[in-house]
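Below, each chain spelled out in residue letters.
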Amino acid sequence: MLPCRRLDLAIGRLGEQRLETIWRESELLAALRDRDRLRGRCGRCPYRWVCGGCRALARARAGDPLAEDPGCPWRGLSLARLARGARRSLAQLRTWSHAP
Ligand code: SF4
């Protein structure tokens, strides 16, 4: 079984193992779920917990599924600018959540 049809790293044997077991015991899935383990630009990005980048593209380009996503749609922007955008989005969400 693969975590994604484009990510060529086996995580378990569906049919022999329960999906729940694979989900809980796969080291790779644990690493992919923990966005603080991402590397490069994705690892420092303020959007890593909502985006996280494409792990299959990272694997294809760098050989490492935790590497930065070379197809980041925001790669032309600095991380500082992304952080300013993230703070504005969060402030807007807070405003909406307190709206009557
Ligand atoms: S793909 Fe881009 S926006 Fe998404 S986490 Fe990586 S650096 Fe951030």
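Here the structure is shown first, and the text comes after it.
Here the structure is a predicted model, which is why all the values come from computation and not from measurement.

Peer 1: What's the story with the overall build of the chain in this structure? I'm lost.
Peer 2: Looking only at helices and strands, one finds five helices and zero strands in the chain. The N-to-C order of helical and strand elements in the chain reads α-α-α-α-α. Relative to its length of 100 residues, the chain is extended, with a C-alpha radius of gyration of 17 Å against a globular reference of 13 Å. In terms of its C-alpha atoms, the chain occupies a principal-axis envelope of roughly 50 × 35 × 20 Å. Within the chain, the proportion of its 100 residues that are buried is 12%. Across the chain, every contact between residues at least 6 apart in sequence was considered, and the portion connecting residues at least 24 apart equals 41%.

Peer 1: I would appreciate a short explanation of the nonpolar core in the present structure.
Peer 2: Across soluble globular proteins, nonpolar side chains have a tendency to be buried as a group. Of all hydrophobic cores here, the largest spans six residues; its members are Leu38, Cys42, Cys45, Ala58, Leu66 and Ala67. In this view, alanine 58 contacts Gly53, Asp64, Pro65, Leu66, Ala67, Glu68 and Asp69; residues no more than four positions away in its chain are not counted.

Peer 1: Sorry, what's going on with helix H5 (residues 79-97) here?
Peer 2: Because an α-helix packs 3.6 residues into every turn, residues spaced three or four apart end up facing the same way. Taking 1.5 Å as the rise per residue, H5 with 19 residues should run 27 Å; its terminal C-alpha atoms sit 26 Å apart, in good agreement. Within H5, only zero of the 19 residues are buried, leaving the element largely exposed.

Peer 1: Hey, could you run me through the environment of arginine 59 in this one?
Peer 2: As for its position among the elements, arginine 59 is in helix H4 (residues 55-62). Owing to 18 C-beta atoms within 10 Å, arginine 59 belongs among the partly exposed residues under this scheme. With 16 residues separating them in the primary sequence, arginine 59 and arginine 75 have C-alpha atoms 17 Å apart. Not counting residues up to four positions away in its chain, the partners in contact with arginine 59 are Leu7, Asp64 and Pro65.

Peer 1: How should the environment of leucine 38 be read in this particular structure?
Peer 2: Mapped onto the secondary structure, leucine 38 falls in the loop between helix H2 (27-33) and helix H3 (40-44). For the pair leucine 38 and glycine 53, spaced 15 residues apart in sequence, the C-alpha to C-alpha distance is 9.3 Å. Not counting residues up to four positions away in its chain, the partners in contact with leucine 38 are Gly43, Arg48, Gly52 and Leu66.

Here is what the cut-offs are and how they apply
- Residues numbered from 1 in each chain as written.
- Predicted model: local features only at pLDDT ≥ 70, side-chain atom pairs only at ≥ 80, totals over all residues.
- Helix = DSSP H or I, 4+ residues; strand = E, 2+ residues; numbered from the N terminus.
- Rg over C-alpha atoms; globule rule 2.2 N^0.38 Å.
- Buried ≥ 20, exposed ≤ 12 C-beta atoms within 10 Å, placed from the backbone.
- Contact = placed C-beta atoms within 7 Å.
- Core = buried A, V, L, I, M, F, W, Y, C linked by C-beta atoms within 7 Å.
- Expected span 1.5 Å × (residues − 1).

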